[in-house]
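Below, each chain spelled out in residue letters.
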Amino acid sequence: MDLFAFKTLLFLLSFIGRDVGASILPEGDVEAIVGKNVTLKTLLINPEYSFIIWSFSDGGEDLISVASLPASGVLKVNDPYIGRVAVNGTNGFLTLTGLKPTDSGDYSITLIKADASTLTGATNLKVLEPVSDVVIKSDLPEAIEQDSTVVLTCSAKGSFLKFSWLKGTAPFVADGVRITAAEAENWNSLTIRDVLRTDLVGPIFCTAANNLESEKSAPFNLTVFYGPESVIITSKNTPKFVRAKSIFNLTCSAVSSPPADFVWYRNGVMMEARGAVLDLAVIEKLGYGTTEGSYTCNATNPKTKRSEVSPAVTFAVMEAISGAKVSGPTATLIAGNSTANLSCQATAGTVKTVTWLKDGKTLDASGRVVFAADMSSVMISPLQKEDNGEFVCQLSNPVNTDKASFKMMVNYGPEPAMVSGEKAVEVHEVVKLTCSAASVPPANFTWKFNGTMTPVKTAHYNIEEARYKNTGMYTCMAYNDVTGKNTTYTHTLSVKEEGALDEGLSDGAIAGIVIALLVALGAAIGLIVYCRQKVPVESPY
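The structure reproduced in this document is the subject of the present report. Because the structure is a prediction, the values reported are computed rather than measured.

Structural notes on the overall build of the protein
Link 1 in the chain: The number of helices and strands found in the protein is three helices and 45 strands.
Link 2 in the chain: Looking at the protein residue by residue over its 541 residues, the buried ones come to 37%.
Link 3 in the chain: When contacts within the protein are restricted to residue pairs at least 6 apart in sequence, those whose partners lie at least 24 apart make up 61%.
Link 4 in the chain: When the accessible surface of the protein is split by element, carbon and sulfur atoms take 55% of a total near 30500 Å².

Let's talk about the side chain of histidine 491
Link 1 in the chain: Relative to the helices and strands, histidine 491 is located in strand 45 (residues 486-496).
Link 2 in the chain: A distance of 2.7 Å separates a polar side-chain atom of histidine 491 from the backbone oxygen of glutamate 422.
Link 3 in the chain: Apart from residues no more than four positions distant in its own chain, histidine 491 is found in contact with Val419, Gly421, Glu422, Lys423, Leu433, Gly472, Met473 and Tyr474.

Examining the pattern of salt bridges
Link 1 in the chain: Across all of its chains, the model carries 13 salt bridges by this definition.
Link 2 in the chain: Salt-bridge contacts for arginine 197 lead to glutamate 229; the nearest nitrogen and oxygen are separated by 2.5 Å. One end of the pair, arginine 197, is in the loop between strand 16 (187-192) and strand 17 (204-209); the other, glutamate 229, is in strand 19 (residues 224-234), with 32 residues separating them in the sequence.

Observations regarding the environment of aspartate 387
Link 1 in the chain: Tracing the sequence through the fold places aspartate 387 in the loop between strand 34 (377-380) and strand 35 (389-397).
Link 2 in the chain: The residues contacting aspartate 387, other than those within four sequence positions of it, are Lys358, Arg368, Ile380, Pro382, Met408 and Val410.
Link 3 in the chain: Separated by 2.7 Å, the side chain of aspartate 387 and the backbone nitrogen of glutamine 384 make a polar contact.

Topic: the state of the cysteines
Such a bond, covalent and formed between the sulfur atoms of two cysteines, is termed a disulfide.
Link 1 in the chain: Applying the stated criterion across every chain, the model contains four disulfides.
Link 2 in the chain: Here cysteine 252 is linked by a disulfide to cysteine 297, with a sulfur-sulfur distance of 1.7 Å. Highlighted residues: cysteine 252 in strand 21 (residues 249-257) and cysteine 297 in strand 25 (residues 293-300), separated in sequence by 45 residues. Neither cysteine 252 nor cysteine 297 differs from the other in exposure class; each is buried.
Link 3 in the chain: With its sulfur 1.9 Å from that of its partner, cysteine 344 forms a disulfide with cysteine 393. Across the disulfide from cysteine 344 to cysteine 393, rotation about the S-S bond amounts to roughly -90°, and the bridge is consequently left-handed. Taken as a pair, cysteine 344 in strand 30 (residues 340-345) and cysteine 393 in strand 35 lie far apart in primary sequence, 49 residues in all. Each member of the pair, cysteine 344 as well as cysteine 393, carries the same accessibility label: buried.
Link 4 in the chain: Look at the protein and number its bonded cysteines as they come in the sequence; the links are 1-2, 3-4, 5-6, 7-8.

A look at the sheet that holds strand 2 (residues 38-40)
Link 1 in the chain: Spatially, 2-7-6 is the arrangement adopted by the three strands of the open sheet, whose pairing is antiparallel. At either margin of the open sheet sits one strand with a lone partner, and together these are strand 2 and strand 6 (85-87). This sheet shows a mean twist of 20° between the axes of neighbouring strands, independent of strand direction.

Observations concerning the sheet that holds strand 36 (residues 400-408)
Link 1 in the chain: The strand order 32-31-35-36 describes an open sheet built from four strands, whose pairing is antiparallel. The two strands at the open ends of the sheet, each matched to only one other strand, are strand 32 (361-362) and strand 36.
Link 2 in the chain: Direction of pairing for strand 31 (residues 353-358) relative to strand 32: antiparallel, over a ladder of two bridges. Bridged to lysine 358 within strand 32 is lysine 361.

Section: the nonpolar core
Link 1 in the chain: Trp356, Val378 and Met408 are the most contacted members of the largest nonpolar core, which totals 25 residues.
Link 2 in the chain: Contributions of two or more residues to this core are made by strand 30, strand 31, strand 33 (369-371), strand 34, strand 35 and strand 36.
Link 3 in the chain: Ignoring sequence-local partners within four residues, the contact set of methionine 408 consists of Pro329, Leu333, Ala340, Ile380, Leu383, Asp387, Asn388, Gly389 and Phe391.

A look at the packing of aromatic side chains
Each aromatic ring pair is characterised by the separation of its centres together with the angle its planes make.
Link 1 in the chain: Taken as a whole, this structure holds six aromatic pairs when the rule is applied.
Link 2 in the chain: Relative to tyrosine 474, the ring of tyrosine 461 lies with its centre 5.2 Å away and its plane at 70°, an arrangement referred to as edge-to-face. Residue tyrosine 461 is located in strand 43 (residues 460-463), and its partner tyrosine 474 is located in strand 44 (residues 472-479); the two are separated by 13 residues in the primary sequence.
Link 3 in the chain: Taking relative accessible area as the criterion, tyrosine 461 reaches 12% and is therefore assigned buried.
Link 4 in the chain: Taken together, the aromatic side chains of Trp447, Phe449, Tyr461 and Tyr474 make up a single cluster linked through ring pairs.

Description of the pairing of strand 44
Link 1 in the chain: One ladder, built from six bridges, connects strand 41 (residues 444-449) with strand 44; its direction is antiparallel. Following the sheet pairing, lysine 448 is matched in strand 44 by threonine 475.
Link 2 in the chain: As paired strands, strand 44 and strand 45 are joined by eight bridges and run antiparallel to one another. Bridge pairing in strand 45 links glycine 472 to leucine 493.
Link 3 in the chain: Counting the residues that bridge the hairpin from strand 44 to strand 45 gives six residues, and of these glycine 484 lies at a positive phi of roughly 75°.

Points about the pairing of strand 43
Link 1 in the chain: Alternating residues of strand 43 divide into Tyr461 and Ile463, all buried, and His460 and Asn462, none buried.
Link 2 in the chain: Sheet topology places strand 40 (residues 431-436) next to strand 43; four bridges connect them, and they run antiparallel. Residue pairing in the sheet places lysine 432 in a bridge with asparagine 462 of strand 43.

Let's talk about the side chain of aspartate 103
Link 1 in the chain: Relative to the helices and strands, aspartate 103 is located in the loop between strand 7 (94-96) and strand 8 (105-112).
Link 2 in the chain: In this structure the side chain of aspartate 103 is engaged in a polar contact, spanning 2.7 Å, whose partner is the backbone nitrogen of lysine 100.
Link 3 in the chain: Not counting the four nearest positions on each side in its chain, aspartate 103 is found in contact with Phe56, Tyr81, Arg84, Leu96, Gly98, Leu125 and Val127.

Side note on the environment of valine 85
Link 1 in the chain: Residue position: valine 85 is located in strand 6.
Link 2 in the chain: Note: C-alpha distance between valine 85 and leucine 96 (eleven residues apart in sequence) is 4.6 Å.

Details of unusual backbone geometry
Link 1 in the chain: Of the consecutive residues glycine 227 and proline 228, the connecting peptide bond is found in the cis state with omega at 5°.
Link 2 in the chain: Residue placement: proline 228 occurs in strand 19.
Link 3 in the chain: Note that the residue after valine 440, namely proline 441, is joined by a cis bond; omega there is -5°.
Link 4 in the chain: The phi dihedral of aspartate 194 is positive, around 50°, even though this residue is not glycine.

Thresholds applied
- Residues numbered from 1 in each chain as written.
- Predicted model: local features only at pLDDT ≥ 70, side-chain atom pairs only at ≥ 80, totals over all residues.
- Heavy atoms only, no water.
- Helix = DSSP H or I, 4+ residues; strand = E, 2+ residues; numbered from the N terminus.
- Buried < 20%, exposed > 50% of the residue type's maximum accessible area, 1.4 Å probe, protein only.
- Contact = heavy atoms within 4.5 Å.
- Areas by Shrake-Rupley, 256 points an atom, 1.4 Å probe, with all protein chains shown as cover.
- Polar contact = N/O pair within 3.5 Å; in protein donor to acceptor, adjacent residues only side chain to side chain.
- Salt bridge = Lys/Arg side-chain N within 4 Å of Asp/Glu carboxyl O.
- Disulfide = S-S within 2.5 Å.
- Pairing = 2+ DSSP bridges.
- Axes fitted to C-alpha atoms, helices over the stretch in contact; angles between N-to-C directions.
- Core = buried A, V, L, I, M, F, W, Y, C linked by side-chain atoms within 4.5 Å.
- Phe/Tyr/Trp six-rings, centres within 6.5 Å; stacked < 30°, edge-to-face > 60°.

And the structure:
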């Protein structure tokens with residue numbers, strides 16, 4: 001069938017009655033993407049027909065006419081669509097390839113049966129441009145929290161586009177008050193008034209879609225500057241007093257974007273100190289700290305131009321005590337006669353409290369022990385032997401403690417002497433006598449025998465082998481060279497013959513035996529007398 005005959009057929013069909021029953025095409029429009037293929041499907045199942053004719057109109061004349069003959073399978077297509085269309089002879093499906101935007105329009109089908117009756121249907125094909133180039137843009141490169149109004153615009157290429165916004169994975173919903181949306185052809189915008197730091201953290205995505213395709217933008221983040229807030233000073237330990245030249249600093253922090261700049265103040269006066277950390281060395285270098293001061297830091301955001309001051313931290317810098325020394329008497333001290341003055345001071349540091357110890361125990365005031373009002377010195381008068389020992393002066397302030405000691409020697413004695421040893425020995429035995437007397441310094445000793453000075457000059461008087469001639473009185477004299485005092489003690493020694501001191505009945509035992517015999521004898525005599533009084537005696541007369 002040539003083109004003239006085909007057109008003639010179409011002309012004749014216009015005079016043939018048509019079946020106006022139900023459409024042989026599904027309801028609704030058909031959508032497809034530019035450059036891809038589309039098949040316009042019918043509702044026919046193995047139809048009997050002589051001709052299937054598809055036609056296309058963009059609202060004017062037919063631009064494409066397709067005729068299919070089942071018997072011969074002949075397909076007639078207008079020249080512009082040759083090679084781009086095909087008709088399924090079984091069900092009448094029309095397939096169009098390599099879609100172009102100009103393919104959009106109304107498509108109709110006419111089924112001519114053998115009896116010249118017809119079935120018709122029509123549908124609309126929308127050829128959509130693919131979704132591409134989805135981009136988010138902001139009208140501001142950066143924003144200030146609660147000050148800026150930000151407009152985000154999402155644009156894309158494509159047909160029949162709808163836009164949606166995501167914040168991370170959750171929908172970004174416009175509330176119509178602070179966040180509003182506007183939409184036009186191929187773009188959508190969000191207007192965020194008084195923007196908050198959390199508004200544009202996500203990141204933000206825009207999705208452009210039609211019924212067939214969707215595409216998401218690259219992630220978008222907009223810097224929102226905020227702060228400073230929550231400005232505080234921290235330190236590992238901030239006591240009321242800080243030790244001079246120690247490792248100590250204050251650290252200032254703030255919630256801020258970008259990070260805040262810090263300036264330090266003391267008692268409300270700006271210091272020549274900047275930065276988040278204020279070292280003690282800087283405080284001392286500036287000549288501060290010897291008196292109590294209140295330190296604050298002022299945080300300023302270089303973008304928002306806002307400032308906030310931290311709560312104050314109050315302390316004083318105190319020099320540590322060092323070089324503690326106790327001064328005491330250098331003259332010879334004698335118990336009962338001498339007086340001692342002890343004083344304590346340090347070469348550096350501020351002394352707040354002074355404590356005195358004697359041999360590790362607190363030294364308390366008494367009638368003999370008198371402290372100065374500031375406890376820097378103590379007077380002991382008169383000295384006694386108990387004052388011998390170590391005196392410690394302990395100097396303290398809130399940052400440290402230092403101490404020094406002084407050993408004091410009080411001379412005394414000798415106190416009453418005592419001789420220990422045997423009082424009776426047998427001839428030829430060893431004799432050891434020891435003399436003792438409490439004394440500082442230790443006493444010197446001399447011995448007399450029966451009033452005659454001996455050459456013995458020690459605390460011990462020894463006799464290797466006792467003789468009868470060693471019986472007598474041994475007198476020990478203890479003498480203190482410093483106090484000039486002496487004391488004596490006399491010990492009596494008896495030298496007996498061999499065996500005289502053998503172990504036997506003691507004097508007590510012998511006395512007990514004698515007493516027992518006397519008691520027994522008395523009892524016997526009493527018994528005899530009693531018996532005589534009871535038995536009658538006959539008179540010889």
